Amino acid sequence: MFDISSFLISWFPLFGIYAVLSLCLNLEVGYAGMANFGLVAFYGIGAFVAGYTSITIFLTFYGYNYPIYSPEAIIAMGRVAGKTPWLNISVFILSLILAFLIAGLAGYLVSYPTLRVGPAFLGITILSFGEMLRVFMKHFAPTGGAYGMLGIPHPFAWIPDPAIKNTSFLILTLAILIGVLIYFELLVNSPYGRVLKSIREDETASLCIGKPVPQIKARLLFVASGISGVAGALYAFYLGAITPDMFITAVTFEVWSMVILGGRGNNFGALLGASVFSLLNRATSILNFLFSDLPIDPNYFRWMITGALIVIILMYKPKGIIAEKPIKTEAWKIFGAYGETKKKLIDSILRIIDYLKSAIYWLIGRETGYGPDIKGSKRE
Amino acid sequence: MTTELINTVWYACIYGLMAVPLTLSYRTSRVLNFAHGVYVTIGAYIPVLIAKGFGIKVSPILAVSASFMTGAIIAMASHAFVFSPLIKKKSTPVTLMIASMGLWIFIKYAFYAVLGTLQKAWMTPIFYTSPNLEIPILISFMGMDIDAKLLLIISLTSATFSLLAFFLTKTKVGMAIRAIADNPELAQITGISRDKTLLVTWAISGGVAAIGGFAWSLFAYVSPETGDNVILQVFACSVIGGLISLPITFVGSVIISSTENLLIVFLHRYLGVELSFRPFLSFFVLLLTILIRPPAGAGGGLPYRYRLRSIFRVFQREVKKNV
């Protein structure tokens, strides 16, 4: 009915973007225990920064003097987007870096007032931050207001064949995803990762050991927000057009449900959740496309399933599909896996010796009257 | 300037009606309910649905009671099916927050689906409408013509809050609610059932929030996004109240509504600030509250010192050394 390769080409970039987002959220929630309900704010900041810088640089490079949201600018962007390959690539890299820095800085600034109050206030403040930014961007004229920005230049717009163009973007997204995954795996399996887990388990205790808890949390929020900003930039380049209404709070919930479904405190769980939910996302859009006259919009069903899954998993399987595993430190390698088998062996040998001893005592005790007390036997 | 003053009163009443039940429910059950906006939306839609469904003009008393009942039933259901089992499993506050988030998204889009179906069945536009109410436009009162809807909102707010105050301070159930809020273990020792008390609390908070939604529908169009559009301001009001105190929450709603209506106009006229900075002001008030008067114990956090203050300490120490 539809060809599988085009489906994969449309699914994989979305999967990559959502996987990067869920890895970031997992680092904050699963490892450090910070309930970040405003992930979409940093995602949106990244997307808008990338769109704004790339369009502005292109227009100034070609000497056009239109404001970036005007129809003339969009037409001009369509004309010049594929002309200079080196400019496309360098603008792409520059906007990723800028998105990382600005989104990270926003996260760091938001962390200052909020990290010292409890989880409820952190949740309220970051959620409000995201919602405020969305409402503000809707009325902010320089980035196009409610209509947003159109004609963001694709990094591979200079390749004429659309299949090769999309495939190379897909490979780029997956490469970024793998880079982020390796970085996070190294991060959480280091002493720093153990500090994060100690903060999650007991903030007071780790403060008493002498860990600077607010500082660690603020730095973590910088890194995680910055990388979610990179994901937002990728999303902007993937779609080519962004509006403020794409970054509603429901997006945060979708990423939350990925993390909860896959399992908190586990990077591979986050990947699994991202693949499931991005597949659901694509499937509903295909349903929408194939059957245009459904009685109920499938998008509503997708969100209902998302919400219901969050509640059901929290009730019946709070650890998620892939449960959390111990951190692989050097000490764990010596005393953990190897040490456990050794201990089991020694235990079983000791147990056999015990059985033998008791058997001998039982025999001797029966004949000579000496030996340990055996249950039920009476001695004069 | 009169328009802005009237708007301030109007918004203060509405934010109060929405924020006070949020504070009440958090204080009693320790669940930060993100699904609060949904109760508001449903409360705003019930009079519209009655008016469209039966093709009648709805009297305000019927509208208020229907809104209250629906909001109460949905809040009770959310307690019975989600929060109560999770509290019994001794979940952490973060888990409860996530659960309320899931509940929010589920109810919101289920409601969207219901509205879409009804719109197709009734063949009338339901998104972006206002209820057809049976009230006059103007009421002459002591020689003055007063907007009837404004009068209705003010009387509704004062009646709701005086009833709530009476209920919480004079009746046995209200005192049980306050006891559970202050110290759940001690209250349970004296024989108060926590689960039943929480059920009553949820009913009240959902119902009052739904009345807030009805008050919103008196002067603006309702859409399924109604509750989400005001959630930022409602949270700000509750944070000013520290998520503990009901009267300070109402004061907070007055503060937020005056910053939104008076301060922004002042800034626009004399400093040339764009009107689109309005959400920034509410958020700024929220941040300022957290910075100046950090609600340490209520959120379950650690009372860390702020960096500014610690820098000041270091400075003092240096000065002492040198002197």
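Residues numbered from 1 in each chain as written. Chains lettered and ligands numbered in written order. Predicted model: local features only at pLDDT ≥ 70, side-chain atom pairs only at ≥ 80, totals over all residues.

**What to know about the overall build of chain B**
Thinking step 1. A tally of regular secondary structure across chain B gives 13 helices and two strands.
Thinking step 2. Taking 20 Å as the expected radius of gyration for a compact globule of 323 residues, we find that chain B reaches 22 Å, a close match to that expectation.
Thinking step 3. Overall size of chain B, expressed as C-alpha extent along the three principal axes, is 80 × 60 × 40 Å.
Thinking step 4. By residue count, 43% of the 323 residues in chain B fall in the buried class.
Thinking step 5. Expressed as a percentage of contacts within chain B between residues at least 6 apart in sequence, the contacts between residues at least 24 apart total 75%. (Helix = DSSP H or I, 4+ residues; strand = E, 2+ residues; numbered from the N terminus. Rg over C-alpha atoms; globule rule 2.2 N^0.38 Å. Buried ≥ 20, exposed ≤ 12 C-beta atoms within 10 Å, placed from the backbone. Contact = placed C-beta atoms within 7 Å.)

**A look at the overall build of chain A**
Thinking step 1. Scanning chain A from N- to C-terminus turns up 13 helices and two strands.
Thinking step 2. The C-alpha atoms of chain A give 28 Å as radius of gyration, which overshoots the globular expectation for 380 residues (21 Å, by more than 25%).
Thinking step 3. Oriented by its inertia axes, the alpha-carbon framework of chain A measures out at about 110 × 55 × 45 Å.
Thinking step 4. When the 380 residues of chain A are sorted by exposure, 44% land in the buried category.
Thinking step 5. In chain A, 78% of the contacts between residues at least 6 apart in sequence involve partners at least 24 apart.

**Points about the interface of chain A and chain B**
Thinking step 1. In this assembly, 41 residues from chain A lie in contact with 45 residues from chain B.
Thinking step 2. Breaking the side of chain A that touches chain B down by element, the ones donating at least two residues are α4 (85–114), α5 (119–139), α8 (203–209), α10 (249–262) and α12 (298–316) of chain A.
Thinking step 3. Broken down by element, the residue count for the side of chain A that touches chain B peaks at 13 residues, all from α5(A).

**Thoughts on the environment of A:G44**
Thinking step 1. Residue position: A:G44 is located in helix α2 (residues 39–61).
Thinking step 2. The spacing of A:G44 and A:A120 is 76 residues in sequence and 23 Å in space, taken between C-alpha atoms.

**Let's talk about the nonpolar core**
Thinking step 1. A:Y18, A:V20, A:L21, A:A233, A:I310 and B:M18 are the most contacted members of the largest nonpolar core, which totals 180 residues.
Thinking step 2. Contact partners of B:M18, with chain neighbours within four places excluded, come to B:V40, B:A209, B:G212, B:V230 and B:V234. (Core = buried A, V, L, I, M, F, W, Y, C linked by C-beta atoms within 7 Å.)

**A word on α12(A)**
Thinking step 1. A rise of 1.5 Å per residue sets the reference length of α12(A), with its 19 residues, at 27 Å; its end C-alpha atoms lie 26 Å apart and thus fit the reference within 8%.
Thinking step 2. Within α12(A), the full set of buried residues consists of A:W303, A:M304, A:T306, A:G307, A:L309, A:I310, A:V311, A:I313 and A:L314.
Thinking step 3. Looking at the buried side of α12(A), the elements it contacts are α10 of chain A together with α3 (60–88) and α4 (93–122) of chain B. (Expected span 1.5 Å × (residues − 1).)

**Here's the deal with the packing of helix α11 (residues 246–270) of chain B against helix α12 (residues 278–292) of chain B**
All names here are of chain B.
Thinking step 1. Close contact between α11 and α12 brings their axes to 10 Å; oriented N to C, the two are set at 140°. What the angle tells us is that α11 and α12 run oblique. Crossing geometry of α11 relative to α12 is assigned as right-handed. Facing α11, whose interface residues are I255, I256, T259, E260, L263 and I264, α12 presents R278, L281, S282 and V285.
Thinking step 2. Of the residues that constitute the contact of α11 with α12, the class distribution is six nonpolar, two polar and two charged. (Axes fitted to C-alpha atoms, helices over the stretch in contact; angles between N-to-C directions. Parallel < 35°, antiparallel > 145°, perpendicular 65-115°, else oblique. Left-handed = near helix turned anticlockwise from the far one by under 90°. Nonpolar A, V, L, I, M, F, W, Y, C, P; charged D, E, K, R; others polar.)

**Details of the domain arrangement of chain A**
Thinking step 1. Splitting chain A by domain gives domain 1 (4–326) and domain 2 (329–380).
Thinking step 2. A separation of 57 Å is found between the C-alpha centroids of domain 1 of chain A and domain 2 of chain A. (Domains from an automatic or database assignment.)

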